[in-house]
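Each chain is listed here by its residues.
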Amino acid sequence: MTFIERLPRHVTVVEVGPRDGLQNEAEIVPIEAKVRFIEALADAGLPVVESTSFVNPKAVPQLADAAEVMKRVERRPGTRYPVLVPNERGFERALAAGCDAIALFTAASEAFSQANVRASIDETFARFAPVAVAARAAGVSLRGYVSTAVDCPYSGPVDPNVVVEVTGRLFDLGCDEVSLADTIGTGTPQAVDRLLNLVLHEFDGDKIALHFHDTHGLALANVMIGLDYGISVFDSAAGGLGGCPFAPGAPGNLATEKLLALLDGLGIETGVNRTGVAQAMTELRQAVPGIGAGHLT
């Protein structure tokens, strides 16, 4: 079987621009522009548009309007609009805003966990436990993130065995899918290969997603490794927006336009209109000139 024949026939692109993309922007984006951005991305055919985060507004001021944004977004049938929640209070706010899909985020690095949420990895899971119970009771879908799955900006290379352990704990909570994030974008194809070799010995690849930043231009090469392992869910951000306020040196996410160009070139179906994604970014930049400056698409 050739490389092309081994590739998945369909890939789900999880658009994270409205959340992971906008959270690191210095200029506050108006609610109207955020709502239009989310709706335009959904109109482009993206099946999942991660829309905002119900974290403490003081920690991420750019997303302080999360509830209002989610109340205003006109939902497209068949599209999911997950939001990040850090704890039970965040979940309650998300549920009150009409959200029916949430994501929990932890890390494979103790140093990053402390910098990001001021809690140990164990403490984040203690916070997640009541959220998971409440989410299941409310029929809310649950996704998990493992940040710093390759390298940590504070403590260096991350042991893949820790990633496996944390991933298992998220599945034990009831997560339907876990996304492994190269948070600072320093992952190499060799590192991703080593990580997936371990992770996929323990978990079904259909439940694993990959989330790459593009620090050294290796994000697409890392996607290729994931595809060869049969991974069929990848996160990306329109316009390459993004970065992490708690990860020094983290640049933008892998651009959705770049990911789609690769997948189109490999003959892999996504159901997403690349022109529609580019138009969504054009409209956002017209509403907020200079947004995402320096990010490449």
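Remember, predicted model here, so these are calculated numbers, not experimental data. (Residues numbered from 1 in each chain as written. Predicted model: local features only at pLDDT ≥ 70, side-chain atom pairs only at ≥ 80, totals over all residues. Heavy atoms only, no water.)

Through backbone hydrogen bonds, the strands of a sheet pair up, either in parallel or in antiparallel fashion. Across the sheet, nine strands lie side by side as β2-β1-β11-β10-β9-β6-β5-β4-β3; this open sheet has parallel pairing. Across the chains shown, the open sheet's two edge strands, defined by having one partner strand only, are β2 (48-49) and β3 (52-53). Judged from the two bridges that link them, strand β4 (residues 83-84) and strand β5 (residues 101-107) form a sheet pairing that is parallel. Bridging across to β5, V83 finds its partner in I102. (Pairing = 2+ DSSP bridges. Helix = DSSP H or I, 4+ residues; strand = E, 2+ residues; numbered from the N terminus.)

Residues V233 and D235 line one face of strand β11 (residues 233-236) and the alternating positions F234 and S236 line the opposite face, and both faces are buried. In the sheet, strand β1 (residues 12-15) pairs with β11 via four bridges, with the strands oriented parallel. Bridge pairing links V13 to F234 in β11. Where strand β10 (residues 208-212) and β11 come together, two bridges link them in parallel fashion. Across the sheet, the residue bridging to L210 is F234, located in β11. (Buried < 20%, exposed > 50% of the residue type's maximum accessible area, 1.4 Å probe, protein only.)

Let us look at the environment of A115. Tracing the backbone shows A115 in helix α6 (residues 110-117). Relative accessible area serves as the criterion here: at 29%, A115 is assigned to the partly exposed category. Considered as a pair, A115 and A42 are 73 residues apart in the sequence and their alpha carbons are 33 Å apart.

Okay, the side chain of E177 next. As for its position among the elements, E177 is in strand β9 (residues 177-182). Judged by its relative accessible area of 15%, E177 falls in the buried class. Side chain to side chain, E177 and R143 meet in a polar contact 2.7 Å long. In this structure, E177 is in contact with L142, R143, G144, F171, K207, A209 and V233, ignoring residues within four places of it in sequence. (Polar contact = N/O pair within 3.5 Å; in protein donor to acceptor, adjacent residues only side chain to side chain. Contact = heavy atoms within 4.5 Å.)

Quick look at helix α12 (residues 274-287) now. Here α12 is 14 residues long and its end C-alpha atoms lie 20 Å apart, about the 20 Å a rise of 1.5 Å per residue gives. Inspection of α12 places G276, V277, A280, M281 and L284 among the buried residues, and these make up the whole buried set. Within α12, the buried residues cover an arc of 145° as seen down the axis, which keeps them to one side. Among the exposed residues of α12, those oriented more than 90 degrees off its buried face are T275 and Q286. Among the structural elements, α3 (31-43) and α11 (256-265) are those in contact with the buried residues of α12. The N-cap residue of α12 is N273: its side-chain oxygen and the backbone nitrogen of T275 are 2.8 Å apart. (Expected span 1.5 Å × (residues − 1). Arc of directions from axis to C-beta.)

To continue, consider the packing of α11 against α12. Packing of α11 against α12 leaves a shortest axis separation of 10 Å and a crossing angle of 170°. Classified by the angle between their axes, α11 and α12 sit roughly antiparallel to one another. Residues T256, E257, L260, A261 and D264 of α11 form the contact with α12, whose participating residues are R274, V277, A278 and M281. (Axes fitted to C-alpha atoms, helices over the stretch in contact; angles between N-to-C directions. Parallel < 35°, antiparallel > 145°, perpendicular 65-115°, else oblique.)

It is worth spelling out the packing of helix α10 (residues 219-228) against α11 at this point. Orientation of α10 relative to α11, taken along the N-to-C sense of each, is 45°, at an axis distance of 11 Å. If you check the angle between α10 and α11, you find them oblique. For the crossing formed where α10 meets α11, the hand is right-handed. Contact residues: α10 offers L220, V223, M224 and L227, while α11 offers K258, L259, L262 and L263. Tallied by class, the residues present in the contact of α10 with α11 amount to seven nonpolar, no polar and one charged. (Left-handed = near helix turned anticlockwise from the far one by under 90°. Nonpolar A, V, L, I, M, F, W, Y, C, P; charged D, E, K, R; others polar.)

Let's shift gears to the pattern of salt bridges. If you walk through the whole model with that rule in mind, you get 14 salt bridges. Note that D228 is salt-bridged to R6, the shortest N-O span being 2.9 Å. Here the residue D228 occupies a position in helix α10, and R6 occupies one in helix α1 (residues 3-6), the gap between them amounting to 222 residues. On the basis of relative accessible area, R6 is assigned to the partly exposed category, the value being 37%. The residue R274 makes a salt bridge to D264 at a minimum N-O spacing of 3.1 Å. Taken together, the residues R274 in helix α12 and D264 in helix α11 connect sequence positions ten residues apart. Of the residues examined, D264 reaches a relative accessible area of 35% and is grouped as partly exposed. (Salt bridge = Lys/Arg side-chain N within 4 Å of Asp/Glu carboxyl O.)

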